[in-house]
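# Descriptive structure summary
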Amino acid sequence: MSLKYMTPTEQFKKYLPKDYVELVDYGPFGKSQDEAGVNNIGQFKEVLEEHPMCSGCLMAYFIRVFFAALPNPEDTVTLGTAGCGRLAISQAAVPFIYGNYGDQNAMASGLSRAFRLRFPDKKKDVVTLAGDGGTMDIGFSMTMHSWIRGEKFTTIMLDNEVYGNTGGQESGMSPQGAILKMAPEGKKFEKMPATELAKTAGCVYVVRISPTNIKKTAKSIKRAILVAREVGPTFIHVYTSCNIEYSIPTEEVFKDAKDQEKDRFSFEEYMTDEAREVIERIEGEEKKAKKAKKGARKEEVVS
Amino acid sequence: MCDKITVGPAGYMPKSAPSMGVELAPEGKALLYGNIVEEEEAMRDAAKALLTRENPTIFPGPQILWDWKEDVAEKAAAILELAAEIPSCKIIPMPDYRPKYPKIDVKAEINPNHPNLTILDNKIKAAIFVGVHCHYANLTLRMIRAGTDCYTIALCAHMGHEEAMASIRDLHASDVRKFKDILIEERNKLGIEWTPTMPPANPSLEKEDHSTLTAADYGEYRSLLMSRKGEHVAEVE
């Protein structure tokens, strides 16, 4: 919640477990995306390493990318609800709040408002990460109302198109015709139009993505968080297949994600004019800073 | 006055201390076995437990491990002074409260969600909790009372904890030093000779010898190693 929470008391540093000492020394806290971001995963200590997710789980992969893409991990709070995702999210070295089923967006509303009151001079990011059931089925009213109220935080729906944790029931986000363990006759209704609902409800930045391209995924996450800080609610609808319930062989999980990219999860990015302004301003500043840094390095080499 | 909260194991899901009629001590007082007593009496009993029971250990929590407030450093120093005076004392930290899967390193850390693992594995019979946020301390102390025979001491900066055998409230650096003096007195009374020694560093921090490291040491993760620019990796497992 602040860089100070990742600074050990001098006297106790030698009593901390190795894992934490490495997080302090080589973690992403207080560093830029160039120093510790998705481009150099494997070269810094990540906030999430071990997790109990299934082998070949695309959700676990996305969550890893998500944490590496956070613009300010030391000033971020994640919120979640029941589902596979929270098993990994709760193990990351980023504060995580776990609520009743589906109430993550209601909690996030209060939390983001409280942060703005308590820390008016700081940028604290609030992100909800929940499954399709938590976001669009059981948590639907709380998700929609947080968007309608224009709450300034990011909502990420980890869409595996099924209730994977409880044995394979169909969810609102399951595609029509999907045959699942507890929906043997196939789903009779259409998949819910999540991104359309988000746009109608007032989200200022909406992305639908199958996370096959790490850089593109990280860019969307970063944009969503930065826009939510200043403008309003943002939403990312991400495909995170359940290879167990949909019987996708582990080695074909990524191929399936690529196939979905051409089908239900074709990349879509929507932003309002206000959101575009913010993105252009921030990315413009970053480009300038990068150029200046490059120039300074060249000068150093010459001299 | 009978003891309401005694050393466990009290069994699976024991009655909580408040439901057994234990109330938090008022300012200036302390809790000992669930009864309100003078602070010094609780400190003396806790000191005796630390001196006479096996493997005394201090579990520092996030509020004292991380440098988040100005007075933390002084309190941390006082805790280490106390640790040095307890014979064969160990320090096992609780750096945060996230669950640890697939397995916690019980020699290196303690987790509030399953503290019994660390306590049972290390055969700890007396422990101090300090700097753990109150809501997690309550949870942890009750679990320890349920499943282990560890004498628990809560050194709390706020109102104290009913679930601990000894609970000192409103504790700051000066109070820790007072506790240290009482412990030295009790140690002398018991005739235990001890030269102040700092507890050993965290066992997980052992230095690795990278000079003899080869690609084979990475086993199944060998493929994740990045080759240097221009390097051609010919041998793989």
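Here is what the cut-offs are and how they apply
Here the residue index of a chain counts from 1 through its sequence in written order. A letter from A marks each chain and a number from 1 marks each ligand, given out in the order of writing. Two thresholds apply to this predicted model, a pLDDT of at least 70 for residue-level local features and 80 or more for giving and counting side-chain atom pairs, whereas whole-chain, interface and lining totals are computed over all residues. Residues are scored as being in contact if the C-beta atoms we place from backbone atoms lie within 7 Å. Secondary structure elements follow DSSP: runs of H or I of four or more residues count as helices, runs of E of two or more count as strands, with numbering from the N terminus. Classes in brief: Ala, Val, Leu, Ile, Met, Phe, Trp, Tyr, Cys and Pro nonpolar; Asp, Glu, Lys and Arg charged; the others, Gly included, polar. Here, a strand pair is defined by DSSP locating no fewer than two bridges between the strands. Start and end points for every domain follow an automatic or database-based domain assignment.

Our focus in this paragraph is the interface of chain B and chain A. Contacts between the two partners involve 27 residues from chain B and, on the opposite side, 20 residues from chain A. Every element with two or more residues in the side of chain B that touches chain A is listed here: helix 2 (62-65) and helix 3 (72-85) of chain B. Its residues assigned to classes, the side of chain B that touches chain A comprises 21 nonpolar, two polar and four charged.

All names here are of chain B. Looking at the element boundaries, Lys123 is found in the loop between helix 4 (115-121) and strand 5 (126-130). Taking the C-alpha atoms as reference points, Lys123 and Asn55, 68 residues apart in sequence, are found 6.7 Å from one another. For Lys123, the contacting residues outside a window of four places in its chain are Glu54 and Asn55.

For the rest of this paragraph, the subject is the pairing of strand 2 (residues 35-38) of chain B. Residues and elements named next belong to chain B. Sheet analysis places strand 1 (residues 29-32) next to strand 2, joined by four bridges and oriented antiparallel. Across the sheet, residue Ala30 finds its bridge partner in strand 2, namely Val37. In sequence, strand 1 turns back onto strand 2 through a hairpin of two residues, with Tyr33 there showing a positive phi of about 50 degrees.

Another point: the domain arrangement of chain A. All names here are of chain A. Taken as a whole, chain A is organised into domain 1 (54-271) and domain 2 (272-303). Of all the elements, helix 8 (residues 214-230) adds the most residues to the side of domain 1 that touches domain 2, at four residues. Each residue belonging to the side of domain 1 that touches domain 2 can be placed in one class, and the counts come to six nonpolar, no polar and two charged.

Turning our attention to the sheet that holds strand 7 (residues 166-168) of chain B. Residues and elements named next belong to chain B. Sheet architecture is open: seven strands sit in the order 2-1-7-6-5-3-4, paired in mixed fashion. The sheet is open, and its two edges are formed by strand 2 and strand 4 (90-91), each paired on a single side. Here three bridges tie strand 1 to strand 7, and the two strands are oriented antiparallel to one another. Bridged to Leu32 within strand 7 is Ala166.

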